Amino acid sequence: MEFLTADWLGTPLWFWLAFIGIVIALTVFDLGILHKEDREMGIAESLKLSVFYIAIAMAFGAWVWIEKGGDLGMKYYTGYFIEKALSIDNVFVISLIFTFFAIPPKYQYRALLWGILAVIVLRGLMIAAGAALVQEAYWVLYIFAAFLIFTGVKMFFAGDHDPDVSKNPVVRWISTHMRVTPKLHDQHFFVKVPDEKTGKLVTAVTPLFVALVVINLADLVFAVDSVPAIFAITTDTFIVYTSNIMAILGLRALYFALSAMVHRFYYLKYALAAVLVFIGSKIFISDFVMGGEKFPPVLSLGVTAGLIAAGVFYSLWATRHGEDAAPQLPHDEIRP
C-alpha cells in the first residue's frame, strides 16, 4: 500500500483519491437518490442543498488545513470563495441559455449535472496545463496576474450586453451539420426520428443537447478568468483543483435559487472586478514590493471575502424595493 502515500503533484495519492471519491459519492447521491426523476426544484430546496454543499466544502477545507497546514488551508478557502463568487456570473449566462432554448426547469437540473461532470474534466485539463506552465516558467504567473488586472478593469467599466446565443458559432455549426429536433423530447439528448427523404430512423440531437454544449463552452470562457485567479493565490495543484471543483459542485443546486433573483446581485460584478484586480496585483506586490515575501494569506482571504460580501450586501440593499437593474432575459422560444 506504499503507492497510496506516494507523492503526486505535491500531495499524497490517497488524498487525491479521497477527493475523487467525495466527488463521485456526491454525484451519485445527487443524481441517483435526490433527483432520480426529473422534476422542478424549488427555491427552498435549492437553498438547503446549497448549504449542504457549502458545508461539505468547508469541512474539506478543514481537512486540507489539518493535512497540509494552515497556509494552504487558508489559500483553499480564499480560492473557494473567489470561485464561488465568480460562478454567480455563470448563473446569469446559464439562465439566458436555458431561456433561449425554452428548457423547462424540471429538465435543467439534469443538464446542469452532466455539464458539471464535463467541467470537472475540462477544468482538470486546464489546471494541469497551467501547473505545467508555471512549473517550467514562473514568469507565466506575471502574465496571469496582468490578465486578471486587465479583466477586472475591463469588467468594471464594461456596460451591460446580453450574449446573443443565436450568433454563437457552435449553435450555428450544430444547426448546419447535425439534425436538431424542433422540440424537446423529455430529458433526452439524442432521439431517433424519421429521415425526411428515406423515412428511415436516424439519430438527431435535441435542444437540450445544444443547450448543454453551449453551457460547457460558456464555462470554458469563464475558466479563462477563474483558473488564472486561483493560480495567482497558490501554485499547489491540489489546492487549485479542489477549491475550483468544490465551488462548481454546488453551482447546480445554487442555480435555482439565484436564477430567480439574479437581478438582486447586479452590483456584485463590481466587487468581482475589484477582487480580480486585487488578486492580480498581489503577485506584483509580493515579488517587487515585499521583496519576494509571501502575501499574508489571512489578509488575502480577508480582503477577498470583504469585497465579495460588500458587493452582495450592497446589491441586496440597492434592489431592496424590487427595482430590476439587470437586463431583461430574451423571450422563450426554440431556435435550433
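This one's a predicted model, so the numbers in the text were calculated from it and none came from an experiment.

## Focus on the side chain of K84
Looking at the secondary structure, you find K84 in helix α3 (residues 70–100). Nearest to the buried, unbridged K84 among oppositely charged side chains is E83, at 10 Å. A polar side-chain atom of K84 sits 3.4 Å from the main-chain carbonyl oxygen of A247. Non-local contacts of K84, meaning those with residues more than four positions away in its chain, are made with I54, A247, G250, L251 and L254.

## Some thoughts on the packing of helix α2 (residues 43–68) against helix α9 (residues 251–258)
α9 packs onto α2 with a crossing angle of 145° between their chain directions and a minimal axis gap of 8 Å. Considering how the two elements wind past one another, α2 and α9 form a crossing that is left-handed. Counted together, I43, S46, L47, L49, S50 and Y53 of α2 and R252, A253, L254, F256 and A257 of α9 form the full contact between these two elements.

## Remarks on helix α5 (residues 140–157)
Helix length check: α5, at 18 residues, gives a terminal C-alpha distance of 26 Å against a target of 26 Å (1.5 Å per residue), a fit within 8%. Contacts made by the buried residues of α5 are with α4 (105–136), α7 (207–231) and α10 (268–289).

## A closer look at a nonpolar patch on the surface
A surface patch of nonpolar side chains, amounting to about 350 Å² of accessible area, comprises L17, I20, I24 and V28. You can see I24 is positioned in helix α1 (residues 13–34).

## Focus: the packing of aromatic side chains
Using the criterion set out here, one finds 32 aromatic pairs in the structure. Considering the side-chain rings of Y142 and F284, the 5.8 Å spacing of their centres and the 20° angle between planes classify their relative orientation as stacked. Of this pair, Y142 sits in helix α5 while F284 sits in helix α10, placing them 142 residues apart in sequence. For Y142, a relative accessible area of 22% gives the class partly exposed. Accessibility expressed as a relative area gives 27% for F284, which makes it partly exposed.

## Quick look at the environment of L13
Relative to the helices and strands, L13 resides in helix α1. For L13, a relative accessible area of 22% puts it in the partly exposed group. Residues L13 and E2, 11 residues apart in the sequence, show an inter-C-alpha distance of 9.9 Å. Those residues in contact with L13 that sit more than four places away from it in its chain are F3, L4 and A6.

Parameters at a glance
- Every residue gets a number counted from 1 within its own chain, in the order that chain's sequence is written.
- Local features are withheld for residues below a pLDDT of 70 in this predicted model, meaning they are given only at 70 or higher, and side-chain atom pairs are given and counted only at 80 or more; totals for whole chains, interfaces and linings count all residues.
- Heavy atoms from the whole structure form the basis of all side-chain values; hydrogens and water molecules are not counted.
- Secondary structure elements follow DSSP: runs of H or I of four or more residues count as helices, runs of E of two or more count as strands, with numbering from the N terminus.
- Relative accessibility thresholds used throughout: buried, under 20% of the residue-type maximum; exposed, over 50%; partly exposed, between the two (1.4 Å probe, protein chains only).
- His residues and chain termini do not enter the charge count, which takes Lys and Arg as positive and Asp and Glu as negative.
- Should a side-chain nitrogen of Lys or Arg be within 4 Å of a carboxyl oxygen of Asp or Glu, the pair is scored as a salt bridge.
- Identification of polar contacts relies on pairs of N or O atoms within 3.5 Å, with a donor-acceptor requirement for protein atoms, meaning one able to donate a hydrogen and the other able to accept it, and with residues adjacent in sequence counted only if both atoms are side-chain atoms.
- When checking whether two residues touch, look at their non-hydrogen atoms; a contact exists if any pair is within 4.5 Å.
- Axis definition: a line fit to C-alpha positions, over the contact stretch in the case of helices; interaxial angles, taken between N-to-C directions, run 0 to 180 degrees.
- Each helix crossing is assigned a hand: it is left-handed if the near helix lies turned anticlockwise from the far helix by less than a right angle, otherwise right-handed if that turn is clockwise.
- In this analysis, the expected span of each helix is defined as 1.5 Å times one less than the number of residues it contains.
- Patch membership requires over 30% relative accessible area and the absence of a salt bridge. Like charges are linked within 9 Å, and nonpolar side chains (Val, Leu, Ile, Met, Phe, Trp, Tyr) within 5 Å.
- Under the convention used here, a 1.4 Å probe and the Shrake-Rupley method define accessible areas, while residue burial counts only the protein chains that appear.
- Pairing of aromatic rings covers Phe, Tyr and Trp, the last counted by its six-membered ring, and requires centre-to-centre distances within 6.5 Å; plane angles under 30 degrees mean stacked, over 60 mean edge-to-face, and any other angle means tilted.

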